[in-house]
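A look at the structure
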Amino acid sequence: MAKRLLTIVVLGLIPLVAGFATGSEESASAGAGGDEPYEFTVLVNYDWFAPNGPWGEDLISQELSQMFNIDINWTGSGGNPDQKIATLLVSGDLPESIILDRTANYLRLIDLEKLVPLDDWIDEYSGYRSNVSDSTINLSRVDGNVWGILNWPTDQPNGNGGWAINKVVHRELGEPAITTLDDLYDYLVDVRDSGITTDAGAEIVPIQFGQNLDFTQVYVAHGDGRILNYWDQFAWVNPSTGSFEFIGNDPAFVDTMLYLQRLYSEGLMNRDIFVEQTDQIKEKAANGRFGVTAARDLAGDPLRGMLPWREEEDVVYNELFDVLLPISVTGNHEDVWSNTYNALGWNIQTITTSAEQPERIYEYYDFISSNEGQIMIQYGPQGNFWDELDANGYPVWNEAGINRDSEASNATGLWFWTWPGMTGFTDSAKVVAEYEKPFDKRDVGTMWQHEVLWRHSFNATEFNGSNPAGDTAAGIARQATEDLFKEFVVKIISADSQAESRALISELIENVDEVGFDATLDFYNEVWAANRANL
């Protein structure tokens, strides 16, 4: 596959509150028509994806089926997403729509002419345009065309990364301040040595990290512009050279590894951290079995088990955990970026050439992209959990909405079908909605996001398009480096001594040099320079 740089133009601001035109009337009636029922399949190409329930069983999907006279079969990759795409291409039996990352497989589908360009429909319908600026749409172009609807595009900070603390344990230990990594170490030692257990007598792990080697918050705690992208790309921008280098050469990476080795060797983190699964982390969270946690997705990974507490009669709302300001090396949390955001958001929703009526699929996606569509899939139909909109056009929860439990939410299908999501409207609407609720009914995750997490999010659009195609020299070297990185991080952290950890870091650097990571670094620098030239 030829190397390709995404076209980038100067970013504009998307309006966030009043003034949106939902375009719902036009979206629901223009162009495609819906006299005959139409069934299509959407592949969400991730091994973790499974629909929350069959389409048409909850209130929201029933409503959408009636509006557009459609039936949608939602399916995941069922294993390896790359293999799934390869198999589909060999068989020639592509689903009508594919949701996937904007990386090699997406570019491959474009190269093989398996995707339908959406430019004409974007101009004809108004839902997508009402929430996505022209500059962001242009930013998503490949070879001059728009090939998909962006999922969670944004021109405003977001993200769920950061730190949280077990408030019960913290109070028992005198509520010491935790602002630096040294403070954190001292506190974790106190947790370990205190002998404090849960009410059920279970041991409390001093610190819990997210799964899949998610030690990102310790790395970015070193400040000086370090961001999550560096960890993901295995490369940092050396300020003295102004170019990408392997992350193993970053002094902050070395310090991070030595800090983590110390925590591991002294029993301050759990021994099964490298193989622990999401359900195990959630179980510990739900039972308050760790003192501190750090993850790039506090609201989704370790702490998802904390959010349903308000349904438990014997637990006071938000009494066990609270979010912390970012921990740093210096104690200056303003210098720490716990999150990043990108104008193009997360992934992309495409329509393939297998679709018999591609415009009807676009018509559905365009409606979901509008404010009215976002309200439908996240709040439900009017008259169920909300009756009116506020002055900014956001739903106001009624009594049923405020007091809904998980059974009622699931029967309605809230958030089941949020593909695509529109960040600007959704984030603003949900924050306003939470502040309108009584305090004890507010969603703790949303409040954490608004009050702390989003305030430490870096605009990383300049690094957009930094994943090289897998069949290029840069892509092959990147994959080899990723494999080495994962292998050595485990070895370094679980080493018997700091001297052994240092030796392993040196060995990692040598191995990465041997697999040709310089080709990947050249690619990173080329993309980064092109992006900055246009931003």
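Overview of the structure. Everything quoted here is computed from the prediction, not taken from an experiment.

**So, the packing of aromatic side chains**
All chains considered together, the criterion is met by 37 aromatic pairs. Relative to Phe40, the ring of Tyr38 lies with its centre 5.7 Å away and its plane at 35°, an arrangement referred to as tilted. The burial state of Tyr38 is the same as that of Phe40; both residues are buried. Summarising the aromatic geometry, the rings of Trp121 and Tyr362 are spaced 5.9 Å apart at their centres and angled 35° between planes, so their arrangement reads as tilted. Remark: Tyr362 occurs in helix H14 (residues 358-369) and Trp121 occurs in helix H5 (residues 119-124); sequence separation between them is 241 residues. Here Trp121 matches Tyr362 in class, with each residue buried.

**Some details on a negative patch on the surface**
Side chains of Glu507, Glu510, Asp513, Glu514, Asp518 and Asp522 sit close together on the surface and give a patch of like negative charge. Only helix H21 (498-514) and helix H22 (517-534) provide two or more residues apiece to the negative patch. Here the negative patch takes 4 residues from H21, the largest share from any one element.

**As for H22**
With 18 residues, H22 extends 26 Å between its outermost C-alpha atoms, agreeing within 8% with the 26 Å of an ideal straight helix rising 1.5 Å per residue. Close packing links the buried residues of H22 with helix H11 (228-233), strand E7 (235-238), strand E8 (243-246), helix H20 (473-493) and H21.

**Focus on the sheet that holds strand E1 (residues 38-44)**
Within the open sheet, the 5 strands sit side by side as E2-E1-E3-E12-E4. Their pairing is mixed. Of all strands in the sheet, those bounded by a partner on one side alone are strand E2 (70-76) and strand E4 (149-150). Bridging between E4 and strand E12 (residues 348-351) involves 2 bridges; their strand directions are antiparallel. Considered in E12, the bridge of Leu150 is made with Ile348. Packing against the sheet, helix H4 (residues 104-111) makes contact with strand E3 (97-100) and E12, and its axis sits at approximately 145° to E3.

**A few points about the nonpolar core**
Soluble globular proteins tend to bury their nonpolar side chains together. Formed by 70 residues in total, the largest nonpolar core has its most connected members in Leu184, Phe209 and Leu263. Sort the elements by how many residues they give to this core and helix H12 (residues 251-265) lands first, with 9 residues. Not counting chain neighbours up to four residues away, the residues in contact with Leu184 comprise Trp163, Ile178, Ile207, Tyr259, Val292 and Ile327. In terms of nonpolar packing, the next biggest core, distinct from the first, is built from 68 residues, Phe40, Trp74, Val142 and Ala355 among them.

**Section: the pattern of salt bridges**
Throughout the structure, instances matching the rule amount to 13 salt bridges. Arg226 is the salt-bridge partner of Asp250, the closest N and O atoms lying 2.8 Å from each other. Here Arg226 lies in the loop between helix H10 (216-220) and H11 and Asp250 lies in the loop between E8 and H12, a separation of 24 residues in the sequence. Grouping residues by exposure puts Asp250 and Arg226 together as buried.

**Some details on H21**
The first and last C-alpha atoms of H21 sit 25 Å apart over 17 residues, in line with the 24 Å expected at 1.5 Å per residue. The set of residues buried in H21 consists of Ser501, Leu504, Ile505, Leu508, Ile509 and Val512. Buried residues in H21, looked at end-on, bunch into an arc of 145°, giving them a common side. Exposed residues lying more than 90 degrees from the buried face of H21 are Ala499, Asp513 and Glu514.

**What about the packing of H12 against H21?**
Contact geometry of H12 with H21 gives a least axis separation of 10 Å together with a crossing angle of 140°. In terms of their interaxial angle, H12 and H21 are classed as oblique. Here H12 and H21 pass one another in a crossing that is right-handed. For the pair formed by H12 and H21, the contact residues are Phe253, Val254, Met257, Leu258, Gln261 and Arg262 on the first element and Gln498, Ser501, Arg502, Ile505 and Leu508 on the second.

**Things to note about the pairing of E2**
What you see with E2 is a clean split: Ile70, Ile72, Trp74 and Gly76 sit on the buried side and Asp71, Asn73 and Thr75 on the side with no burial. Both E1 and E2 contribute to a ladder of 7 bridges, which runs parallel. Across the sheet, Thr41 pairs through a bridge with Asn73, a residue of E2. Remark: the E1/helix H2 (residues 59-68)/E2 crossover connection has right-handed handedness.

**Examining the pairing of strand E9 (residues 290-295)**
Note on strand geometry: in a regular strand, side chains alternate between the two faces of the sheet. Extensive coverage of E9 is indicated by the burial of 6 of its 6 residues. Bridging between strand E5 (residues 162-166) and E9 involves 4 bridges; their strand directions are antiparallel. Bridge pairing in E9 places Ile165 opposite Val292. With 4 bridges connecting them, strand E6 (residues 205-209) and E9 associate as parallel partners. Across the sheet, Gln208 pairs through a bridge with Thr293, a residue of E9.

What counts and what doesn't
Residues numbered from 1 in each chain as written. Predicted model: local features only at pLDDT ≥ 70, side-chain atom pairs only at ≥ 80, totals over all residues. Heavy atoms only, no water. Phe/Tyr/Trp six-rings, centres within 6.5 Å; stacked < 30°, edge-to-face > 60°. Buried < 20%, exposed > 50% of the residue type's maximum accessible area, 1.4 Å probe, protein only. Helix = DSSP H or I, 4+ residues; strand = E, 2+ residues; numbered from the N terminus. Patch = residues over 30% accessible without salt bridge, like charges linked within 9 Å, V, L, I, M, F, W, Y side chains within 5 Å. Areas by Shrake-Rupley, 256 points an atom, 1.4 Å probe, with all protein chains shown as cover. Salt bridge = Lys/Arg side-chain N within 4 Å of Asp/Glu carboxyl O. Lys, Arg positive; Asp, Glu negative; His and termini not counted. Charge placed at Lys NZ, Arg CZ, Asp CG, Glu CD. Expected span 1.5 Å × (residues − 1). Contact = heavy atoms within 4.5 Å. Pairing = 2+ DSSP bridges. Axes fitted to C-alpha atoms, helices over the stretch in contact; angles between N-to-C directions. Core = buried A, V, L, I, M, F, W, Y, C linked by side-chain atoms within 4.5 Å. Arc of directions from axis to C-beta. Parallel < 35°, antiparallel > 145°, perpendicular 65-115°, else oblique. Left-handed = near helix turned anticlockwise from the far one by under 90°. Right-handed = clockwise from strand over helix to strand, strands pointing away.

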